[in-house]
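Topology and contacts: notes
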Amino acid sequence: MNSISQSIERTTIKKTMTRILPFVLICYIIAYLDRVNLGFAALEMNADLALSAEVFGLLSGIFFIGYFLFEIPSNLIMHKVGAKVWIARIMITWGLITILTAFVQSATHLYIVRFLMGIAEAGFFPGIILYFTYWFRSQERGRASAILTLALPIGTIIGAPLSTWIMDNIAWSGMAGWRWMFILEGIPAIILGVIVLFYLTNRPKDAKWLTDEEKKWLENELDRERRQSLAVNKATKLDMIRDSKVWKLAFIYFAHYTSMYGLGFWLPSIVKSFAANSSNMEIGWLTIIPALVGIPSMLLFAWSSDKRKEHRKHLIGSLLIAGVCFILSGFADSAAMTITLIAFAAIGLYGFIGTFFSFMTLFFTESTAPAGIAMVNAFASLGGFVGPMIFGQLAISTGMFTLGTLIILGGAVILTLKKKGLSVVSEKETEVKTIS
């Protein structure tokens, strides 16, 4: 590769990452915050609406039933109409429904709005992962996915103190703080949804902020990867559905999703069970500790797996760390011990994320990616229903043992994923770069 080509490569990658990643990260932070703020609302809402642990577990998970049902159609629509129109629609809709949640008066109302919110948000995350395949090569996708999924720990770091502060300090017009929390945290999604229409660019050829040479270089690179992927992966949606590797990917992500969202919704209540005299704000600060630990591990795992082109070992290692720490936390008898072990589990939980999404996209062609990515994410999202239900139905210790075992099983399934197709792509990439 000559110096001119290297210069174009550097400037193009820098421009695309700088233009796309910070903005979609902000959007996903808002999405995650609006998805899990129900867990903080529960500190007061459950008593106000007389919600039992079993009812709250179902309320936390029912979001993911709507999400599951509409995720694949949503991604297919986005592929046809373009990212900016569809992502804007998703964000505006879920913002409105988040605000509507503030006015519920019963568990039945909550069931309805949470199910509708799942439908509204379906397709946002897999849509962004699909969007990355339009803009980033496989060697950049791990880092891009890791930066995107920083929204999970950052959303917790921002959301925990913000949500609990609103609940403790805002009661305008005699309305409870948890109701104002939903209103104030729903507004940013609507504002960002409008901005999406003017800011996002659907494809490189439409980017006014790239030069003609940069557009051509990026399109050529992405086209080359698509041809390579077509040579080693299933070419049609029907073949893809029959491919066991896709279902293995779905189970692996399901195991992770179940643990991530079971913990995400219940951690404030788990901490409160050990620290009953703590204020909402104090509980909020304690719950951000695992997220703080998770940020560097997410970036480190993604950077290391991209550099070494070795996803499987990183994924297995991350799931083993998380699984063992979850099982050990089942024996914890204090808030300090619980938070410490969950923080170590967060190293694995967050380290898994960016690496997995880079790994997953290697199994799809351009034609199967919209449905394939959505299908893996959709079936995994059922874990968002199962995880909260586990803690709603079981004791905390039993729930931790269950999640730990499930995560370790996910790591075992990764061992059965053959690398043949991925090796072919890697060899071809090396050959092309050598010729260049």
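Refer to the preceding data block for the structure.
Let us look at the structure shown here. Everything quoted here is computed from the prediction, not taken from an experiment.

1. Looking at the overall build of the chain
Across its full length, the chain holds 19 helices and 0 strands. Relative to its 436 residues, the chain shows a buried fraction of 58%. Taking the intrachain contacts of the chain between residues at least 6 apart in sequence as the baseline, contacts between residues at least 24 apart amount to 84%. Accessible area for the chain stands at about 16,800 Å²; split by element, carbon and sulfur atoms hold 67% of it.

2. As for a nonpolar patch on the surface
Taken together, the side chains of Ile 77, Val 81, Val 85, Val 194, Leu 197 and Phe 198 make up a nonpolar region of the molecular surface, amounting to roughly 520 Å² of accessible area. Element by element, the count of residues in the nonpolar patch is highest for helix H8 (residues 177–199), at 3 residues. One can find Val 85 in helix H3 (residues 83–101).

3. Points about the environment of Leu 150
With respect to the element layout, Leu 150 can be found in the loop between helix H6 (138–149) and helix H7 (151–169). With relative accessibility at 9%, the residue Leu 150 sits in the buried group. When the C-alpha positions of Leu 150 and Ile 353 are compared, they lie 9.2 Å apart, and in sequence the two are 203 residues distant. With sequence-adjacent residues up to four places away left out, Leu 150 is seen in contact with Leu 25, Ile 295, Met 298 and Leu 299.

4. Describing helix H2 (residues 53–81)
Helix length check: H2, at 29 residues, gives a terminal C-alpha distance of 42 Å against a target of 42 Å (1.5 Å per residue), a fit within 8%. Phe 70 marks where H2 bends most, by close to 45°; the proline Pro 73 follows one to four residues later. Looking at the residues trailing H2, positive phi occurs at Gly 82, about 105°.

5. What about the pattern of salt bridges?
For the structure on display, the rule yields 8 salt bridges. Residue Glu 9 is joined to Arg 137 by a salt bridge in which the shortest nitrogen-to-oxygen separation is 2.8 Å. Taken together, the residues Glu 9 in helix H1 (residues 3–48) and Arg 137 in the loop between helix H5 (124–135) and H6 connect sequence positions 128 residues apart. For Glu 9, a relative accessible area of 16% gives the class buried. Judged by relative accessible area, Arg 137 falls into the buried class, the value being 2%. Via salt bridges that share partners, Glu 9, Arg 137, Glu 140, Glu 221 and Arg 224 belong to a single interconnected network.

6. Looking at the packing of H2 against H3
Interhelical geometry of H2 versus H3 gives an angle of 140° and a closest axis separation of 7 Å. Classed by the angle they form, the pair H2 and H3 counts as oblique. Two secondary-structure elements touch here, H2 through Ser 74, Ile 77, Met 78 and Val 81 and H3 through Ala 83, Val 85, Trp 86, Ile 87, Arg 89 and Ile 90. Of the residues in the contact of H2 with H3, the class split is 8 nonpolar, 1 polar and 1 charged.

7. Points about H3
The terminal C-alpha atoms of H3 lie 27 Å apart, and with 19 residues this matches the ideal 27 Å at 1.5 Å per residue to within 8%. Along H3, the residues classified as buried are Ala 83, Trp 86, Ile 87, Ala 88, Ile 90, Met 91, Trp 94, Gly 95, Ile 97, Thr 98, Ile 99 and Thr 101.

8. Some words on the packing of aromatic side chains
Taken as a whole, this structure holds 25 aromatic pairs when the rule is applied. Relative to Tyr 257, the ring of Tyr 253 lies with its centre 5.2 Å away and its plane at 75°, an arrangement referred to as edge-to-face. Linking Tyr 253 with Tyr 257, this pair stays in helix H11 (residues 244–274), spanning 4 residues, or about one helical turn. Each of the two residues, Tyr 253 as well as Tyr 257, counts as buried. Through a chain of ring-to-ring contacts, the aromatic side chains of Tyr 32, Phe 63, Phe 64, Tyr 67, Tyr 253, Tyr 257, Tyr 261, Phe 352 and Phe 356 assemble into a single cluster. Above the ring of Tyr 134, the side-chain terminus of Arg 203 is found at 3.6 Å from the ring centroid.

9. Topic: the environment of Glu 221
Among the secondary structure elements, Glu 221 is positioned in helix H9 (residues 212–232). According to the relative accessible area criterion, Glu 221 is buried, its value standing at 14%.

10. Some words on the environment of Leu 152
With respect to the helices and strands, Leu 152 occurs in helix H7. Taking relative accessible area as the criterion, Leu 152 reaches 5% and is therefore assigned buried. Sequence-distant contacts of Leu 152, defined by excluding residues within four places in its chain, comprise Tyr 28, Tyr 32, Met 260, Tyr 261, Tyr 350 and Ile 353.

11. With respect to unusual backbone geometry
We note that Ala 50 has phi near 55°; this positive angle belongs to a residue other than glycine. Despite not being glycine, Ser 173 has its phi angle at roughly 55°, a positive value.

12. Overview of the nonpolar core
If you look at the biggest cluster of nonpolar residues, it comprises 134 residues, and the most contacted ones within it are Trp 94, Phe 124, Phe 132, Trp 135, Tyr 261 and Phe 356. When residues in this core are grouped by element, the largest group, 20 residues, is from H1. If sequence neighbours within four positions are ignored, Trp 135 has contacts with Thr 16, Ile 20, Thr 201, Asn 202, Arg 203, Pro 204, Ala 207, Trp 209, Leu 210, Leu 218 and Leu 222.

13. Comments concerning the side chain of Arg 179
Among the structural elements, Arg 179 can be located in helix H8. Here Arg 179 sits buried without a salt bridge, and the closest side chain of opposite charge, Asp 48, lies 5.9 Å off (N-O distance). Those residues in contact with Arg 179 that sit more than four places away from it in its chain are Leu 49, Ala 102, Phe 103, Val 104 and Gln 105.

14. Quick look at the packing of helix H15 (residues 335–361) against helix H16 (residues 369–381)
One way to put it is that H15 packs onto H16 with a least axis distance of 10 Å and a crossing angle of 140°. Judged by the angle between their axes, H15 and H16 are oblique. By crossing handedness, the relation of H15 to H16 is classed as right-handed. In this structure, H15 uses Phe 356, Phe 357, Met 360 and Thr 361 to contact H16, whose residues at the interface are Ile 373, Val 376 and Asn 377. Within the contact of H15 with H16, the residues separate by chemical class into 5 nonpolar, 2 polar and no charged.

What counts, and at which threshold
Residues numbered from 1 in each chain as written. Predicted model: local features only at pLDDT ≥ 70, side-chain atom pairs only at ≥ 80, totals over all residues. Heavy atoms only, no water. Helix = DSSP H or I, 4+ residues; strand = E, 2+ residues; numbered from the N terminus. Buried < 20%, exposed > 50% of the residue type's maximum accessible area, 1.4 Å probe, protein only. Contact = heavy atoms within 4.5 Å. Areas by Shrake-Rupley, 256 points an atom, 1.4 Å probe, with all protein chains shown as cover. Patch = residues over 30% accessible without salt bridge, like charges linked within 9 Å, V, L, I, M, F, W, Y side chains within 5 Å. Salt bridge = Lys/Arg side-chain N within 4 Å of Asp/Glu carboxyl O. Expected span 1.5 Å × (residues − 1). Bend = angle between axes of the 7 residues up to and from the residue. Axes fitted to C-alpha atoms, helices over the stretch in contact; angles between N-to-C directions. Parallel < 35°, antiparallel > 145°, perpendicular 65-115°, else oblique. Nonpolar A, V, L, I, M, F, W, Y, C, P; charged D, E, K, R; others polar. Phe/Tyr/Trp six-rings, centres within 6.5 Å; stacked < 30°, edge-to-face > 60°. Lys NZ or Arg CZ within 6 Å of the ring centre and 35° of its normal. Core = buried A, V, L, I, M, F, W, Y, C linked by side-chain atoms within 4.5 Å. Lys, Arg positive; Asp, Glu negative; His and termini not counted. Left-handed = near helix turned anticlockwise from the far one by under 90°.

Function cannot be read off these values alone, since they describe shape.
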